[in-house]
Amino acid sequence: MSTPSKPIGQAQGDALQAIFGRAQAIIGVVHLAPLPGSPRFDGEAVETIYQRGLDDARAYLEGGCDGVIVENHGDVPFSKPDAIGPETSAHMAVVADRIRRELGRPIGINVLANAAIPALAIASAANAGFVRVNQWANAYVANEGFVEGEAARAMRYRAQLRAKGIRIFADAHVKHGAHAIVADRPVEEQVKDLVFFDADVVIATGQRTGHVAELSYIRMIKEAANLPTLVGSGVTRENLRDILSVADGVIVASSLKHDGVWWNSVDLDRVKAFTAGLKR
């Protein structure tokens, strides 16, 4: 008889159940338009930016999603965490708070690139339930350069905020980067590092935005983590059911936008078609 493996982290129970009231969640990503201070910001009124974020969130939720992640995806090219100015946190906190207050549904925060501490500050201000952090443990080489795991700094900052209720959604073997510096360790071991550093949910992705991960890869990550596992890229109406046969939910954006382009607004009809037939 095999001996049950001992837990290696201290996740706070089933985070998806705690946040969304169900063990399987569909989460849409609100890709904010370029914010003040970012290269593509052209002086657009902030109220227009806020309203578009609110409209996209409403389309996801009215279409059947369980919650949303608010993300500064319009701020490309992304800065490394310590180079992100306070203006980003300020504007994201305002729009996130409006979304939560007006729509009354769970929200999360992701500040690119890998800015866990600003994300936690925004989540605390907007009463968000979770943050997504793309590199929680270890390190890799990304488009932004060398990116280190933020777990140690972020968990201490969360403790300072007395915000233990903000859950950590952490990517495994994150997209848009090379992991050669940790390639001497199997992906399964890198996933276990996320668990050891108290992530609550693990996210499996493909190689880039819109690229889907193989089901065998998703299954491997889920089994290694023994935590709720989401798929965070490449999810479409056509592959959703297959993915949900393995994973505990999805994070989706591009395929639910007009024409399937990430910088376009959310298409309510696409969202409804995406969620149609799911046992919610």
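Just above sits the structure.
Residues numbered from 1 in each chain as written. Predicted model: local features only at pLDDT ≥ 70, side-chain atom pairs only at ≥ 80, totals over all residues. Heavy atoms only, no water.

(A) Broad picture of the packing of helix α2 (residues 46–62) against helix α9 (residues 268–275). At a closest axis distance of 8 Å, the pairing of α2 and α9 adopts a crossing angle of 30 degrees. Overall, the two elements α2 and α9 adopt an arrangement that is roughly parallel. At the point where α2 passes α9, the crossing takes the right-handed sense. When α2 is examined against α9, the residues A59, Y60 and E62 are found in contact with a partner set consisting of L268, V271 and K272. For the contact of α2 with α9, the per-class residue count stands at four nonpolar, no polar and two charged. (Axes fitted to C-alpha atoms, helices over the stretch in contact; angles between N-to-C directions. Helix = DSSP H or I, 4+ residues; strand = E, 2+ residues; numbered from the N terminus. Parallel < 35°, antiparallel > 145°, perpendicular 65-115°, else oblique. Left-handed = near helix turned anticlockwise from the far one by under 90°. Contact = heavy atoms within 4.5 Å. Nonpolar A, V, L, I, M, F, W, Y, C, P; charged D, E, K, R; others polar.)

(B) Structural context of the environment of E223. By the secondary structure assignment, E223 is in helix α7 (residues 215–225). Once the C-alpha coordinates of E223 and E188 are considered, the two residues, 35 residues apart in sequence, prove to be 8.5 Å apart.

(C) The arrangement of the pattern of salt bridges in detail. The tally for this structure, following the rule as stated, stands at 13 salt bridges. Residue E150 is joined to R153 by a salt bridge in which the shortest nitrogen-to-oxygen separation is 2.9 Å. Where R185 meets D193, a salt bridge forms, and the shortest distance between an N and an O atom there is 2.7 Å. For D193, a relative accessible area of 17% translates into the label buried. Taken together, the shared-partner salt bridges connect D55, R58 and E102 into one network. (Salt bridge = Lys/Arg side-chain N within 4 Å of Asp/Glu carboxyl O. Buried < 20%, exposed > 50% of the residue type's maximum accessible area, 1.4 Å probe, protein only.)

(D) Fine view of the pairing of strand β9 (residues 201–204). Burial along β9 is two-sided: the face carrying V201 and I203 and the face carrying V202 and A204 are both buried. Here four bridges tie strand β7 (residues 167–172) to β9, and the two strands are oriented parallel to one another. By the bridge assignment for β9, A170 is matched with V202. With three bridges connecting them, β9 and strand β10 (residues 229–231) associate as parallel partners. Looking at β10, one finds that V202 is bridged to T229. (Pairing = 2+ DSSP bridges.)

(E) Up close: the environment of E62. You can see E62 is positioned in helix α2. Residue E62 is classed as exposed on the basis of its relative accessible area, which comes to 52%. Not counting residues within four places of it along the chain, the set of residues in contact with E62 comprises L268 and K272.

(F) Expanded view of the packing of aromatic side chains. Applying the stated criterion across every chain yields a total of four aromatic pairs. Between the aromatic rings of F130 and F169, the centroid separation amounts to 4.1 Å while the plane-to-plane angle is 15 degrees, which identifies the pairing as stacked. Here F130, found in strand β4 (residues 130–133), pairs with F169, found in strand β7; they are 39 residues apart in sequence, far enough to count as distant. Here W262 and W263 contribute two aromatic rings whose centre-to-centre distance is 5.5 Å and whose plane-to-plane angle is 80 degrees, an arrangement assigned as edge-to-face. Residue classification places W262 among the buried positions, given a relative accessible area of 18%. (Phe/Tyr/Trp six-rings, centres within 6.5 Å; stacked < 30°, edge-to-face > 60°.)

(G) Spotlight on the packing of helix α3 (residues 86–103) against helix α4 (residues 116–126). α4 packs onto α3 with a crossing angle of 40 degrees between their chain directions and a minimal axis gap of 9 Å. Classified by the angle between their axes, α3 and α4 sit oblique to one another. Where α3 crosses over α4, the two elements pack in a sense that is right-handed. Along the contact surface, α3 presents S89, M92, A93, A96, D97 and R100, while α4 presents P118, I122, A125 and A126.

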